[in-house]
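Take a look at the letters that make up each chain.
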Amino acid sequence: MSVRHGLLALLSRGPRHGYQLRVEFEASTGATWPLNIGQVYTTLSRLERDGLVRPGESDEQGRVVYTVTAAGLEELGRWFGTPVVQSDRPRDELVIKLAMAVAAKQVDVAEVIRMQRTATMTALQQLTRAKRAATEGTAQRLVLDSMIFRTEAEQRWLDHCEAVLKEER
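Fair warning: this is a prediction, and the values are worked out from it, not measured in the lab.

What follows deals with the overall build of the protein. Helix and strand content of the protein: seven helices and three strands. In the protein, the succession of α and β elements from N to C terminus is α-β-α-α-β-β-α-α-α-α. Counting only residues that meet the buried cut, the protein has 30% of its 169 residues in that class. For the protein, restricting intrachain contacts to residue pairs at least 6 apart in sequence, the fraction spanning at least 24 positions comes to 54%. Element-wise, carbon and sulfur atoms account for 54% of the exposed surface of the protein, whose accessible area totals about 11,100 Å². Of the side-chain charges in the protein, 23 are positive and 22 negative, and the distance between the mean point of each set is 2 Å.

What follows is the structure, given as structure tokens:
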């Protein structure tokens, strides 16, 4: 997800200033994607330049409140209406790491898998605790569920890698 589209989605709920957007973005993503306030304002500047948001009046604390434009809502509709394809996602560093471990000489691939399995299990435990403590609602729950499912899938994939390596021996 781009920060750009995330901010547009939040602005579709009504006018907001940068700090509100940052807080709501982090809450919506279950605090798994922290934003720097500078990144929020840089993105808002680009959205304004592109005609997708417009600045409004400043509030009593001098913060500019932004509103999504009709063009911004159209862009948001296009984004929501376009499926995310695998090629749009970043490369999986773990997959590359294990492939290179297999290809490299003198690497104990089983040990690489064991260390990763331990780290993955720790992450799964942390995510499960975070889900139990979640208070931000449905958006946060869905983000945490997704992260839990991916972590569980990583564990299954590590099991598969281990089985393939045993077959190769």
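This part is about helix α1 (residues 3-11). Of all nine residues in α1, eight are buried; the element is thus mostly enclosed. Among all positions of α1, only V3, H5, G6, L7, L8, A9, L10 and L11 are buried. As for α1, its buried residues are in contact with β1 (16-17), α2 (18-28), α3 (37-49), β2 (53-58), β3 (64-68) and α4 (70-80).

What follows is about the sheet that holds β2. With antiparallel pairing, three strands are arranged side by side in an open sheet as β1-β3-β2. Single-partner strands in this sheet number two, and they are β1 and β2. As paired elements, β2 and β3 share four bridges and run antiparallel to each other. Note on β3: the bridge partner recorded for P55 is Y66. Across the sheet, α1 lies against β1, β2 and β3, angled at about 90° from β3, the strand it touches most. Sheet strands in contact with α3 are β1, β2 and β3, and its direction is about 115° off that of β2.

Each value, and the rule that gives it
- Residues numbered from 1 in each chain as written.
- Predicted model: local features only at pLDDT ≥ 70, side-chain atom pairs only at ≥ 80, totals over all residues.
- Heavy atoms only, no water.
- Helix = DSSP H or I, 4+ residues; strand = E, 2+ residues; numbered from the N terminus.
- Buried < 20%, exposed > 50% of the residue type's maximum accessible area, 1.4 Å probe, protein only.
- Contact = heavy atoms within 4.5 Å.
- Areas by Shrake-Rupley, 256 points an atom, 1.4 Å probe, with all protein chains shown as cover.
- Lys, Arg positive; Asp, Glu negative; His and termini not counted.
- Charge placed at Lys NZ, Arg CZ, Asp CG, Glu CD.
- Pairing = 2+ DSSP bridges.
- Axes fitted to C-alpha atoms, helices over the stretch in contact; angles between N-to-C directions.

In short, geometric facts, not functional conclusions.
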